Amino acid sequence: MSDKRDYYEVLGVEKGASAEDIKKAYRKLALKHHPDRNPGDKEAEARFKEAAEAYDVLGDETKRRNYDQFGHRAFDAGGFQGQRFENMEDIFAAFGDVFGGSVFGDLFGGARRGRGGPQRGRDLKIVLDLTLEEIDQGVERTVVLKRQDTCKACAGSGAKPGTSRTTCATCSGRGQVHRSQGFFAMVTPCPRCQGAGQVVESPCANCRGAGSETAKAEIPIRIPPGVEEGVRLRVAGEGDAGEPNAPRGDLYVVIREAEHKIFQRSGADVLTEIPVSFAQMALGDTVEIPTLRGRAEMTIPAGTQSGKVLRLRGQGLPVLEGRGRGDQLVRVFVEVPKKLSDRQRELLNEFAELERKGSGNRSFFEKIVNYFS
């Protein structure tokens with residue numbers, strides 16, 4: 001079980017709250033716990049990050065739907081987690097639009113990069129196709145992708161081997177410049193170093209001063225059983241390399257279910273259809289049917305009607321939060337033979353004659369007549 005607080009509780013809203021109410025609640029909390037208003041207050045900083053994490057999920061329609069269904073395990077299952085904010089800069093960049101512009105440039109004094117430290121790596125996203133059998137069991141996959149790795153020649157500094165970065169003369173290493181416009185003082189990122197506080201005078205020939213290079217990576221990914229279409233899982237630290245002394249970004253894996261030839265999915269339940277004979281439906285029978293884990297016996301009660309849905313308990317998919325399995329729903333329908341032997345035709349004719357002499361059909365037609373009269 002996750003020890004995180006419920007995201008609705010964090011923002012102080014009801015589960016059915018509108019997107020606008022959620023946005024307003026987050027803005028109120030962010031302003032209240034903002035680090036510039038609470039310097040040195042670790043508890044306020046923790047609340048600030050907690051509110052940002054909650055808004056990252058509840059402010060996104062798809063994430064909110066997954067969270068409502070699976071709780072925190074939708075983003076923290078099998079080693080995967082939800083959005084993580086390494087520092088304040090991540091939050092400022094992610095939710096600036098909530099405040100109608102640069103969140104903390106307009107409201108609290110400008111760019112944060114110099115203060116927030118080196119920039120973490122960019123997050124990456126891939127789509128992973130899975131069969132229902134793989135979703136049923138859980139699976140480990142190794143994906144191959146290209147990403148930015150730390151340049152080996154310069155160890156990520158971007159500077160020519162034997163040299164190093166130098167302090168930016170424009171901002172004196174602060175990463176920010178102050179400008180006055182009348183009564184207002186504005187703080188903006190340094191135009192020369194782009195907020196880094198340092199510049200490269202002699203760029204590395206291998207990465208041309210970028211500090212990173214494109215490389216192929218093989219990344220093992222463990223998918224927990226029971227994931228659904230559209231669920232986004234996070235593999236921490238497998239994105240692009242960050243600036244020196246900054247962490248990597250993350251890799252996000254979006255699940256896509258491959259179409260199955262036999263089964264359809266409805267949450268943790270799976271649905272299938274099987275043809276049976278009229279005799280099996282009328283007299284009852286025990287038949288073998290396919291399941292995701294092999295074959296299972298199913299009893300067809302006598303007198304079952306065509307189109308009836310029968311249930312096999314526990315033959316569905318695992319529930320993501322670990323509360324057992326869903327069921328397999330089996331719709332049975334009568335398969336009419338295209339060819340009959342002479343003996344089969346003789347018996348069917350005899351059966352039809354018995355039906356005509358019986359009361360079953362008369363009862364049915366009487367209902368029709370009564371309905372229209």
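This text gives an overview of the structure that appears in the document. (Residues numbered from 1 in each chain as written. Predicted model: local features only at pLDDT ≥ 70, side-chain atom pairs only at ≥ 80, totals over all residues. Heavy atoms only, no water.)

## A few points about the pattern of salt bridges
Two side chains carrying opposite charge are able to pair once their charged atoms lie near each other.
In step 1: Across all of its chains, the model carries 25 salt bridges by this definition.
In step 2: Here Asp250 ties to Arg120 by a salt bridge, and the two come within 3.3 Å at their closest N and O atoms. Here Asp250, found in the loop between β8 (232-235) and β9 (251-257), pairs with Arg120, found in the loop between α7 (113-116) and β1 (124-130); they are 130 residues apart in sequence, far enough to count as distant. Take Asp250 and Arg120: they sit in the same class, and that class is buried.
In step 3: Two residues, Arg295 and Glu288, come together in a salt bridge whose shortest N-O distance is 3.2 Å.
In step 4: Taken together, the shared-partner salt bridges connect Arg5, Glu9, Arg47 and Glu50 into one network. (Salt bridge = Lys/Arg side-chain N within 4 Å of Asp/Glu carboxyl O. Helix = DSSP H or I, 4+ residues; strand = E, 2+ residues; numbered from the N terminus. Buried < 20%, exposed > 50% of the residue type's maximum accessible area, 1.4 Å probe, protein only.)

## Overview of the sheet that holds β9
In step 1: Ordered in space as β1-β9-β8, the three strands form an open sheet in which the pairing is mixed. Each edge of the open sheet is held by one strand with a lone partner, namely β1 and β8. The sheet shows a mean angle of 30° between the axes of neighbouring strands, direction not considered.
In step 2: Of the pairings in the sheet, the one linking β8 to β9 comprises four bridges and is antiparallel in character. Residue pairing for β9: Arg234 is matched across the bridge by Tyr252. (Pairing = 2+ DSSP bridges. Axes fitted to C-alpha atoms, helices over the stretch in contact; angles between N-to-C directions.)

## Digging into the packing of helix α3 (residues 42-58) against helix α4 (residues 61-70)
In step 1: Contact geometry of α3 with α4 gives a least axis separation of 6 Å together with a crossing angle of 100°. By the angle between their axes, α3 is roughly perpendicular relative to α4. Along its contact with α3, which presents Asp56, Val57 and Leu58, the element α4 presents Lys63, Arg64 and Tyr67.
In step 2: Of the residues contributing to the contact of α3 with α4, the split by class is three nonpolar, no polar and three charged. (Parallel < 35°, antiparallel > 145°, perpendicular 65-115°, else oblique. Contact = heavy atoms within 4.5 Å. Nonpolar A, V, L, I, M, F, W, Y, C, P; charged D, E, K, R; others polar.)

## What to know about α3
In step 1: With 17 residues, α3 should cover 24 Å at 1.5 Å per step; its first-to-last C-alpha distance of 24 Å lies within 8% of that length.
In step 2: Residues of α3 that are buried include every one of Ala44, Phe48, Ala51, Ala52, Glu53, Ala54, Tyr55, Asp56, Val57 and Leu58, and no others.
In step 3: One side-chain oxygen at the N-terminal end of α3 lies 3.1 Å from the backbone nitrogen of Glu43; it belongs to Asp41. (Expected span 1.5 Å × (residues − 1). Polar contact = N/O pair within 3.5 Å; in protein donor to acceptor, adjacent residues only side chain to side chain.)

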